[in-house]
Every structure is written in structure tokens, then in C-alpha cells.
Amino acid sequence: STTWHPPPEVTRIMVNHRVEKAKRECVVWAIALLSSGTVVSADSFGRVQFWDWQQGTLAESHTVSSSAALSLAVSEKEDSIVVGTSTGATYQLQLLPVKLGGLEKRWVRTKPFQYHSHDVRAVAHSPSALISGGTTLVIRPLMEKVQKKGYDAVLRKFTFPHRRLVSCARKARLLLFQFSQHLELWRLGSTEETGKDGEVLPLCRMPEHLVQLKSKGPEHIYCSCVSPCGTWLGYSTASRFHLYRVRCDGDGVSLRKVPKVPKLLPPAYQLQFSADSDSLFVASARGSVHVLQLLEPGGCKLLHIACGCSEAVYLLAPSADGHWLAAVSGDWAIHVYNLKCFKHHCVVPTYNCAVSALAIHPSTNNLVIAYSDQQLVEFSIPEKQYTGWSRALQSRGLHRAWLERDSPITHITFNPKNPAHILLHDTYLLCVLDKSLPLPDDSTLLMNQSTLKQLPETARKRQLHAFKICKKFQPLLFMDLLDENCLVVVERPIMDFKTQLPMPVQQKKFGT
Amino acid sequence: KMGRRSAPRACGGSALRRVFPLRYLLCASGDFVKVYSVSTEETLRLMGGHADLVTGIQLNPHNHMQLYSSSLDGTIKLWDFMDGIPIKTFTVGSKLLALYAPASAEDSVFVVIPKKGERDTFQLVSVKLAKGAGQDLEAKELSVVLDGVGASMKHIAFGREGEYVVSVKDVNLQVYFFKRKLLNRFSLSTLKTKGGDNNFSCVVCHPTEDCIATGHADGKIRLWRNFHHRKEYTYSTLHWHHDIVMDLAFSVEGTRLLSGGVESVLVQWHNESSCQKDFLPRLGSPIEYISMSSDGALCCTLHTDNRITIINSNLRFSRSIQGLIKSRDVKTGLVVDPRTKALVLNGEPGHLQFYSLQSDQQLFSLDIVQRQYIHQAGLKQSDLVKVAFSARGTWLATVEESEEVTDPELQLKLWFYNEETQSFKLNTRINSPHDNHITDMCFRDMNELEEDSLILVTTGRDCVFKVWVMVEDTDPEGNVSWSCDFVGSYHNYQATNCCFSEDGSLLAVSFEETVTVWDSLTWDLKCTFCHPPGNIRNICFGRQTCSKYLIGATDYGFLCCWNLLTCALEWSAHLNVVVLQPDPLSEHIAAVSWLSKESSLFVFKPNEPRPIYIQRNLCKEKILLAAFVPRDEPEIISSEKYYWLRRSQLFFLTDTQELMTLSTKSLEERLTPSSKQLAVEESLPVTPFSLLLGKHRRQQAQEDTELGKPVVHNKQEQASPAVKELLHTPAHVLPSASFLCTIFINSLLISKENKSAEEIADEVEVESEKAEDDSDEEDVTEMEQEDTSHTELLGEMTCKLSKSQEKELRKIRKTDYSWISAF
């Protein structure tokens, strides 16, 4: 991370000045600038050093670790610093008074935390928590700043990004997996047999890895999407947007790059094909949505640029009838566009929380929105207002167990057979929200599926509530309905990628 | 009264704390406070007066020449440690477990006392030290500062400028701020996960900052800051020790923190950073206490084996002060080295220590096991278990075994004393001399006139005794080595003890319930004795006129004396004998019994069943070992009762490893010489003052030669009487400085009148003679009375002073100054 400050002149600070003898190169991995004019640096010798910005002299040096210090973050009050190191440990430095009631203060290394096995590449300091990110993201509340013990005082760990990394071509039964630098296209296997609940059915066709698409250059893939019909595939990196035409000839699959893709202002934060695979919506970082028309046999043209969002658009939801498009921008405003006449339709009342997923109901054109604080809202696009069910849900409030979940809803879909069903999932659970059933209150059990199974039919009816939750698949990356009878679920066992990680930094542990 | 038990000479494990004022090291040791010279390691003074264990010593923060000490006897004493004089005694009443004297407290000190009515609950109280005229004062003005504190002095520390006090106990830390009257409590988790144990072991405070360092049972050190906030307190952790942190100490500036523990490594942490640390390893034994000198130039560590190590500020070993090393277990028994008359017993792990009783110092330490000792609990390591010397000390036999119970790894080593190198050299090593533990070992104790007569006998639990003899090697150099000559057994009983008769012709070996007597020439079994029921615990032959008797003690509480000529029991007595020790220089045998929590001593001659000396309730501790140490010259003993102690001195070692001796003199007699010691002028370090003094002395000596007098080499004579007076008079009876100043200055001037110098010299001589005369009859109580009378006398004199001060001083001097020399 870098901190920008307009300097009147360039002051060069030689950080490795004192360790030249060591003959190791010192790399400054992170710096921060305090309002007092002190530059804080974190270097590969594991030091956190405080420099006078104008003189370039060293004020204090703290060796926090024997391995490299990689990241730095300063609290808003500038009385605490969090440092991430390559051993996966984070350290807190605090500005503490030397004497009780005295004015002199000194930076003191206080608490060490070890929540990561590998590099801590990024850290952040919120008023009440230390946030560190490496292979996982950890939010460590500072107990002394948390007012009451409870949900806020719990350490939270996130292994998966709160974004959709899998897209599904329902009609073609294809799945597109997005990795950091490549894409994989798979054809789902199928079975012709039926069985009872919990039974594993034999496959008549094995799942098939169709193609692997490597992105060019060192850039990470930002977003990707496969069209519902399975013939179009697009992805975007930080600088470029790519569109491919997928051709299935027999068993083989060939990818052909679509030429003359309109030059878009990069980067694209989200790609979404329309339900009929006729057009592609590209959410841009500049707050606009580009509508591209896809042409047979392999071309495209820019149809329209929908404006109105003041910040980058990061989520898109087209309606099944191709009439509406909902776009969420970085300021958490949800804009709804009319695609028939390319007009801005309305803005959903802004809520003070990030939108984690949204989808438009295929038959009612109700927009279902999930917020990161686990609130759920249903907004009628044609009527430009919250639905009655949504108001009832708001007034009654959601179940406490639902609200205290760690992981936000990342995908919403609907059951074509039953319009009252909304299917939601996060990393740890899959939920069928049945609008026709009563809402649960805090006294009832939220996850009651297993208890319901043991009850007789009549008693079961009385106990039913709207949230039908399944925790069978963990960690759950993706869930979608292929057709009326078929649900696809993507699990990603943690061990799968833990084994692929490089060895952690060697550390001598006493007694081993 | 005569014959009181002497105080422990050396003791380990009691509360000890050292304070450095400049160049003295003060240490609480048993009931005494010892004063060592840092530069020479000598014990300068032994300050006695407390009736029980001294639990804390602290320099008087307002006068660094004075020392406070607290004791379990309920008193706080203020000492002038330069002269070893108790200045004041404050009686508090209840047991005092720790003492603190922060500089901020004007006229009070802090002590830890047991809480009334509650067992094992202690409180920190401040004691107001009354300002009275007398020497013995009551200190009844107590106010409780903290409740529920730990009983150890390491559990409480006073913060920067005495603003707060910290106490740790179990997993709780409490800080009390005196000015704000605020008490903060912090607790750590009691869960012991991943080998962690948060229990506090010690606490110290940073000298200049608000920072508390605590040591923990799992080896962690925590540095607490911001502890005036109940919520926003914070701490950082330093972790190197793998076991409990025994003590911590900050440097004077607070930039360095020293820690020590079981590892016997002193760790120095810089700037509270876990990455910058230095080590001083191989300190020999676990560190118990760490102390810093007031100027920061030295630090010292006190070890569990009763040794003090002095360490430079750059973490270099400087010197060590060691008396009797406390070992984990004295398995070798108390053995006297015939050569040096030193007491020989287990020392450092795997070492044999030679302890000089005269100088209270270790002569040397002999590495027997010769293996690296790892300071970690629960490891089975080899240790020395048996040791024996030949009569003239030329041969030393040692047995070492590993701590495995079932299959001990045994080694018998024979060492020959090399006159050139003045040390023992390994001659023969015998692996597995017995198949099971060796129970006893002895040399044939003839005066080694013929080398052939030297044989060694070992007895083992493998039911045999073995005889080892020297054989000449085949190599041309004609070296000797030891090999087994005879293996004897008796009905497959375990052999437990062995000993030779004085002339070496007979060997007695006890096999469980039976004592067998063997001819040492032919190895024929001569006769057997037993006194069922009960196994034989100890056996010994009578000596000199009583050499026809064999004494044995059974574990059924019988002491038996068998006549070897008649092969019959001569007499037996019902006595639970723990120790049976014959005096090598007389026919006396000492037996120590242990019954109902007290040890008693019986001294008898085998030819008379009546003991010649009985001392019941010798001490409360169990006496495990005893040894007669021959005196250099037979002592003239007036009392008939102690006649048996004429040629040897008897020493005991208790289960707490206190070494005791039986004194023939009364307590008063013994205390007198120590209180008569003069000022520390001989061991004074080189300071400007001592240079001035030295110059002065030289001058005087020169004057003497000029006068045509022979130079007297007595230092006392050389010093000017005025200066001597100044130095030798206890501080609390000296007249005011302004009064003494002129005399002192005058004495420094080069006198033109030779006559006056002569006069002074004469006078001093007369005085010193007189003093000697007096001191013989003097005892402590009388002396104290004299002290007070002189103070009054001096007070009157100062009122009258108006004319020539020098004349006045003469008058004073002519009165009576005999008591001065007493100090």
C-alpha cells in the first residue's frame, strides 16, 4: 500500500543504511504517513521503522519479526498500527504514554496474532478491529474497543471471496470456473436413474473438462461469464475485455475469439448475458453499463451505454423477459433500467449496507436483494416499491440466527415450478425461502429441517416456516437450478487448494 | 549455656535477596544477613540477631549505608552493615514474609504478613517505623495496602517512584495506585492449552516508565502497559524459556530486562523486543533470583544450588561466590577427604564437591560423570551415588548410576591423586560392577604402608559383595589398574553395608537381617550375627580400645553391640538409629535417632552401654548424614561433657541440606568475635577516600622513621588515632561532623611538634591493650549497655565544648574507650 502526500521536495530515505554489512537486500514492502509527518516503513528485515519525513532521519525502529514485514495499516486516531508479516503473523504497535498522565508517548509492540499460515499481504485497521488478508481474511476485534461482548466481539475468518466465481449455462449444462489466471469450462455429467433422498446415483455420462482458457499476461481475471445457451464466453482482466464464441463439434470444443470487440473503458467489474443469450451486459468501473448485441456467427456491436450510476457498477441482474436490468454501484445504489427503451427506470431506496446479491424474479419481475448484513428485500420493479411480503419481513425482522451468520448471500435464483420459492446460498448454507409459509421468530429453531423429518405429518405442518435450510454442502461456491428437476451445486474442499499452496516460511518451534 | 546448636552454616532454599550498595553484596542466608565483598568474594560479615529465617532485606533508600531486614520472628531490623551493628529493631508482631522499602515512602516500609483468621491468605501492609530514642521499638501502626497477595517476595513489586504497587497471584494481577487510590485487577485465562500455563511466577516494574514485566509458569514474559485503564490495558509477550521464569530484573535505566529459570541461562532482552536478546549460558544450575546493583555495573544471580554468580553489565561472567553447593540429593553421604580435611559430597550434578569447613568455601569440584547435564525436569540422567577415600586420600572410588529404577547403568571409577597436578586422575573405569544398585563401598582402611593392603569392597543389591584389588599392568610402565578378586554372597540375601575393622583383618558385610564377618586374607566366613526382626541399617567396628566390638543398627529400632571374641551380643538398646558414625580418632561412636519429628544425638563407647553424651531434640529436621572431621590440633575443652569432641568435630546434614555442627561454646561466646570485627578498612576498595587515608598512613609511617622509631607493620598502629577513631566509632554514637572536622583536618596536617605525635601513639597503645583486656570477659548484653551510656556521655560533652576542641577531645579519650575496639 502506498500513501500519497504532496511533497515540496523529494526526500530520499535509505532504509537499509545500517545493515549494509548483512549483504542482504532490504526491501521496503509498505509505508504509511502519519499526520505528524512521520513516515512508517515496513521492510523485509521484519522491521517497522519511524522516520522523520523532512529530515529523513530514523526516529524509532522496532524489529517485530525475524521474517519480512509485508503490510502496514494505521488506525484513524493514529495510535495503533497493524503489521502483517510473511510468517502469517500480524503484530500490533500501539502509541502508549511512557508514564501515567505524562505527555511523552512511545510506540510499543504489543499483541502478536497468528491467524494465517502464509504471507499477510494486506492489513486494515478499523476502529474496533484488525483486518488481515492473505490466503484467508481475518477480522480480529480489539476487545478493549468492543463495547459489549457478543456478536461483534467474535473473531471472524473468511476463506472464500464474497463473489460469484462460477457461472452456469443452464440450457447447455455447462459450468465455467474462474481461477485467478485461467478459466475452465466443464460439461456436467448426467444420470437417467432416480433414487431416494440421500442416494448417490450412478452416472451415465461423466462430467467432462471441455477446455481451459489461459489469460494472457500477468493480470488476474476479474470477472467471467458463460451465456445460458453455452455458445458465448466472456472474461475481463484489469485492462482488457475478451469475448469468445464456443463451438461444439462432436466431442471436441473449440473457442474462437470474437474479433473487433468494441473498445470499452476498462475494467469491467461484472459480465452478464441476457437470458436469451442475445446480448451481453458489461458493468464498468466508471459507473455505466454497456449493452452489447451478440451477432451470429461470431460478432458483436455496442448497442447502448446505460448511465446513471455515480460509482463503479459491481453487480448486474437482467430479468428473464429481457425487459429490465438492475445494476448495483459502489455507493450501494441500485439502478433499474428499462431495456426495451433504454431508459433509466428507477432507483431502489438506498440501504446503508453493501448489496451482496440480487436477482429479478422471472414471472413477477420482483427484484430480490440480499445485503451484506443479511437483510433481504423484495422490490417490485413495475410498481417501483417494496412488495407486501418484503414489508412484512421488515416489520417482523429476520431470525437472529440468520442475521448472525458470517458469510453473505452470494447468489439468488428462483424455482420455475413454484414462484413463491427463492433460492439463496452463501458459503455454508443453501436456503429455499418459501414466501407462502409463515416467517420464523427468534423462539423457533431456524435450521429445523432435521427435526421436521422426525415429526409426523400433522405436527410438521405446524412447525413449518419460510426458511428451509440445507447445510449439507460446505464450502459452497455456487448453486443454480438447471431446470425444474435439477439443481447444480459446486463445492470446493479447503484441502484441495491448501495442498497447492507453497510451504509456509520455516520456523523453528521449540520441542519439534 | 554451653552446647547450643549452631545456626546453619550454609543453607539453601531460604529466601535470599541481594542488594548492592557500591561494592558490597548483601544476602539473607538462614537467620543471618551475609555481607560479601564484590571484589574479593570474601564474607566480610555475618550479621546475626534475628531469631528466625530472614525473609527480606532492603537498603534504606534514604541512607545507603543502612539496611532493613525482615524475619519470620516478626521484627524489622535496621543495620549499619558497614560495621555490622543493629541500629534499631522494630517489632511488628506477626510473621513477616517479605519486605519492600520504596524510596517514596518517607518513614514506612511495606511487609507481607499472614491475614488474621485466614489460613494461607496474605496481605501487604505498610508499617510506620516509629522514630523513638531507644533501640527496640514497637511498630504497631499498620495499614493494609493489598489483600490476597502471594507470600513470596517475588510476587510484589513497586513501580516507578513508588506510584503504584503490583501484586501477582495465580493468574491474577492487581495494581494499586497510591495517589489515585485506584485498584485495577487483570486476569489471564486459567486454561492450559498447548502447554501454556498463565500462572504468574514473578513481577518487576520498569524503573522509569509505567511498564510491568511478569514471568509465567510456562516460560513466557509479559510486558504490561497502559494498566491504569481497566479496559485498554495491553501487553506484549517475550518467550524464550521453556519452563517457569524464576526471576526478572530491569537494568537501572530500564532498557534491558534480565530473566532466568531452570535452563541455567541468563537471558537479556533489549528494548523489550523479542528479536534482540543475549544469553549467558552454562551457569551451572537453575537461577532462583536475579539482582541488579544500584549503579547498574553488575548483576548477580542466585542459583538453586546455593551459589551466587556475579555478572558484568556486558553479560560476562565475573566471579562466583559459593559455599556449600546444594545438590538435588546427597546420595554420597558426608565423607571427609583425608588430605584436605574438606567435606566431600554431591555438588553440581555429576560433580563431587570439596567443601572447606574453615573458610566456608568450595575448594574444588571434581567432574565424575563427565557428561553434559541437561537442566530439564523429568529426564533420567546419571548421577554420583557413592564415594570412598583410601586412608591417606591417594585413592578415590566413585559409583555413578542412571536414575532408571529397574536397570541402572552402573559405573565404578577409581581415581588416583596426582601430586604434580594436585588433582585426581581417572585410573580405572569398571562398567556394570554389579547387576543392581550398589549399596555400600569401603576401602580397607590401613595406613597404606604396604600397597598390597589396599583393597576395595562393594556391596550390591544383586546379593553379592565384591572385592577389588590393584593389579600391575603388563605394559612396561608398570601402571596399576583395578580388577575383581573375590565375590562373596550369603544365602542369596541382598548385601546392604560393609566395613573393615580398624586393623583391616576383618570385613563385616550385612545381608538384610544378618551381619557376616569375613577374614580379609582368606575370605572365609568367620561368624554371623543377627538381631531379628528387622534388617541391618548400619554397621561399624569399634576402634582403639573397643576394636573387639561390632555395632549394628536395625530398622526395627535396635542398636546392638556384638563382641567379636565371644561372638555374643554384648548389649542392645531400643533406639531408632538413622545415622551411625564412628570417630576415626577415638573410640566414640555417634548415633542420631529420629523419633516423633525430632532428631536426637547419642554418643557412646562400645564397651559401655551407657551413652556418654545425650542431646535430645537436636533439631526439628531429620538428620540424614553425619561426619566426624578431625581437628588440626586437639582442642582444650573445659567441659567434661564435650570431652569427646576434643579431637574431632561432628557435622550433620539435614534433609533440607543444612549443615550443622555441635559447638562446645555458648552462643554468647560465639557471637562475640563477630561483633568485635573492625571496620572494613582492609578490604576497602580503591577510592579517593582510601587513597587519602593511605597517604595519611604512609606519612605517619615516614614520620615514625624520621623519629628513629622502628616502623611498626601493624596497620592499626600506623593509622592516625583521629582517623582511626572516626572510622571505628559506630556512626550512631559519633558526635556531629562539625565537631570532628577540625580534629580530622588537624590530623592531616604535617605536624611540627614531634612530641604530640608521640603522645598520641603512646596513648593508642595503652588503649588497645586495655581494650584487649576488657574484651575477654565481655559479652553482648553488657556491651550494649555500655553503648548507651557513652552516647549520653558524649552528649554532655558536646554541650560543654567551647574552648580548644583538641583539649576537650583528649579528655574524652582519657575517659574510657575500650568499647571502641570492640567494634
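Residues numbered from 1 in each chain as written. Chains lettered and ligands numbered in written order. Predicted model: local features only at pLDDT ≥ 70, side-chain atom pairs only at ≥ 80, totals over all residues. Heavy atoms only, no water.

Named according to an unreviewed UniProt entry, chain B is WD repeat domain 75 originating from Malurus cyaneus samueli. Taken verbatim from the UniProt record of chain B, the Subcellular location (unreviewed entry) comment is "Nucleus, Nucleolus". (UniProt positions renumbered as here; feature names shortened; annotations may be inferred.)

Identification of chain A as UTP4 small subunit processome component from Malurus cyaneus samueli is taken from an unreviewed UniProt entry.

Secondary structure summary: chain B contains nine helices and 56 strands in total. Counting only contacts in chain B whose residues sit at least 6 apart along the sequence, the fraction spanning at least 24 positions is 46%. (Helix = DSSP H or I, 4+ residues; strand = E, 2+ residues; numbered from the N terminus. Contact = heavy atoms within 4.5 Å.)

Either a parallel or an antiparallel arrangement is found when strands of a sheet pair, and the pairing is made through backbone hydrogen bonds. Residues and elements named next belong to chain B. One open sheet accounts for four strands, arranged β42-β43-β44-β45; its pairing is antiparallel. Both edges of this open sheet fall to β42 (495-500) and β45 (525-530), since each of them pairs with a single strand only. Shown here is a sheet whose adjacent strand axes are inclined to one another by a mean of 20°, direction ignored. Relative to β45, strand β44 (residues 514-519) runs antiparallel, the two sharing five bridges. If you follow Thr516 over to β45, its bridge partner there is Thr528. (Pairing = 2+ DSSP bridges. Axes fitted to C-alpha atoms, helices over the stretch in contact; angles between N-to-C directions.)

Residues and elements named next belong to chain A. Strand order in this open sheet of four strands is β33-β34-β35-β36, and the pairing throughout is antiparallel. Each of the sheet's edge strands pairs with one partner strand only, and the pair in question is β33 (411-414) and β36 (467-470). Ignoring which end each strand starts from, the neighbouring axes of this sheet average 20° apart. Relative to strand β35 (residues 430-434), strand β34 (residues 421-425) runs antiparallel, the two being bridged by five bridges. From the neighbouring strand, Leu424 faces β35, where its bridge partner is Cys431.

This brings us to unusual backbone geometry. Backbone torsion omega between Gln474(A) and Pro475(A) reads -15°, so that peptide bond is classified as cis. Here Pro475(A) shows up in the loop between β36 and β37 (476-483). Unusually for a residue other than glycine, Asp120(B) sits at a positive phi of about 55°. Classification of Asp120(B) by relative accessible area gives exposed; the value is 60%. Of note, Gln544(B) is a non-glycine position whose phi angle comes to about 50°, a positive value. Within the element layout of this structure, Gln544(B) appears in the loop between β46 (536-541) and β47 (549-554). (Buried < 20%, exposed > 50% of the residue type's maximum accessible area, 1.4 Å probe, protein only.)

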